[in-house]
Amino acid sequence: KEIAFIFDLDGVIVDTAKYHFLAWRNLANSLGFEFTEEHNELLKGVSRVRSLEILLNIGKVELTDEEKQPLLVQKNTEYLEYVNKMTADEILPGINGLLDYLDEHSIKYALGSASKNAPLILEKVGLFNRFAAIVDGNDVSKAKPDPEVFLIGAQKLNMKPENCIVVEDAIAGVEAANAAKMVSIGIGDANLLSEATFVLSDTTGFTIDFLRNIMK
Ligand code: B16
Ligand code: MG
């Protein structure tokens, strides 16, 4: 049967989490509190606005929506400085080979990311033109774990949700895929991503053999 893939971006195609971390940590420090890599885990797959709320909670800082606006701009401005330096070298291991395989077999794939910067990041690493559809943080009104981002992706690919396979590193993303009634491949800790249909510890597990197996 015909199937399609929908890829998350951060944690699956590239590791932008490290740049998000640097920018969020700077913001936290400027507000007078520490922000650790463990804290950063809580922000993976989460929207920018929600990320700031979680961060302010950690620092026990209360701000109005109006006061949050310049902080969101400040964080994103710094984040974009890192993104602008990205190159194709930052594509995670296994991904290029996987996309080649999908192209060779005429299997369609889309991007389904929470990031409003997703098109720019894909451009930077030279993958923008390879995706049949791109759904990002600008296209959705409900963030993961809501299935909206993946359902729009399926629609744009002209595929039924049950014939789509989502690749995700975040718990919220796996939940979104499940809510969309799609097959899910979790990338990361099998204990954390136990709700995924399949789990790979990292993208190097994304071999042609693995693909053939799950597509049977
Ligand atoms: P932006 P994904 C997510 O990307 C990141 O994991 C998350 O940490 C970030 O807050 C979110 O994008 C929004 O990003 O500030 O660039 O709009 O994993 O859904 O590709
Ligand atoms: Mg992710």
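Reading the values: rules and limits
- Residues numbered from 1 in each chain as written.
- Chains lettered and ligands numbered in written order.
- Predicted model: local features only at pLDDT ≥ 70, side-chain atom pairs only at ≥ 80, totals over all residues.
- UniProt positions renumbered as here; feature names shortened; annotations may be inferred.
- Pairing = 2+ DSSP bridges.
- Helix = DSSP H or I, 4+ residues; strand = E, 2+ residues; numbered from the N terminus.
- Axes fitted to C-alpha atoms, helices over the stretch in contact; angles between N-to-C directions.
- Near = placed C-beta within 6 Å.
- Nonpolar A, V, L, I, M, F, W, Y, C, P; charged D, E, K, R; others polar.
- Contact = placed C-beta atoms within 7 Å.
- Parallel < 35°, antiparallel > 145°, perpendicular 65-115°, else oblique.

The protein carries the name Beta-phosphoglucomutase in an unreviewed UniProt entry, which gives Lutibacter agarilyticus as its organism. Taken directly from UniProt, the Sequence similarities (unreviewed entry) text for the protein runs: "Belongs to the HAD-like hydrolase superfamily. CbbY/CbbZ/Gph/YieH family."

1. Here we look at the sheet that holds strand β5 (residues 183-187)
What the 6 strands build is an open sheet, ordered β3-β2-β1-β4-β5-β6; its pairing is parallel. Single-partner strands in this sheet number two, and they are β3 (133-135) and β6 (198-200). In this sheet, neighbouring strand axes are inclined to one another by 20° on average, regardless of whether the strands run parallel or antiparallel. As defined by bridge partners, strand β1 (residues 4-7) adjoins strand β2 (residues 108-112) across 4 bridges and the pair is classed as parallel. Each bridged residue has a counterpart across the sheet, and for Phe 7 the counterpart in β2 is Leu 111.

2. Some details on the site of ligand 1
Lining the immediate surroundings of ligand 1 are 20 residues, of which Leu 9, Asp 10, Ser 113, Ala 114 and Ser 115 lie closest. Split into classes, the residues belonging to the shell around ligand 1 amount to 5 nonpolar, 10 polar and 5 charged.

3. Section: the UniProt feature "active site" (unreviewed entry) in the protein
Within this structure's numbering, the places UniProt gives as "active site" (unreviewed entry) are Asp 8 and Asp 10. Relative to the assigned elements, Asp 8 resides in the loop between β1 and α1 (17-30). Residue contacts for Asp 8: discarding those within four places in its chain leaves Gly 112, Ser 113, Val 167, Glu 168, Asp 169 and Gly 173. Looking at where Asp 10 falls in the secondary structure, it is placed in the loop between β1 and α1. Once residues within four sequence positions are removed from consideration, Asp 10 is found in contact with Thr 16, Ala 17, Ser 113 and Ser 115.

4. Side note on the packing of helix α3 (residues 48-58) against helix α4 (residues 65-83)
Relative orientation of the contacting elements α3 and α4 amounts to 105°, with a least axis distance of 11 Å. Here α4 runs roughly perpendicular to α3, going by the angle between their axes. Residues Arg 48, Val 49 and Leu 52 of α3 pack against Lys 68, Leu 71, Leu 72 and Asn 76 of α4. In terms of residue class, the contact of α3 with α4 is made up of 4 nonpolar, 1 polar and 2 charged.

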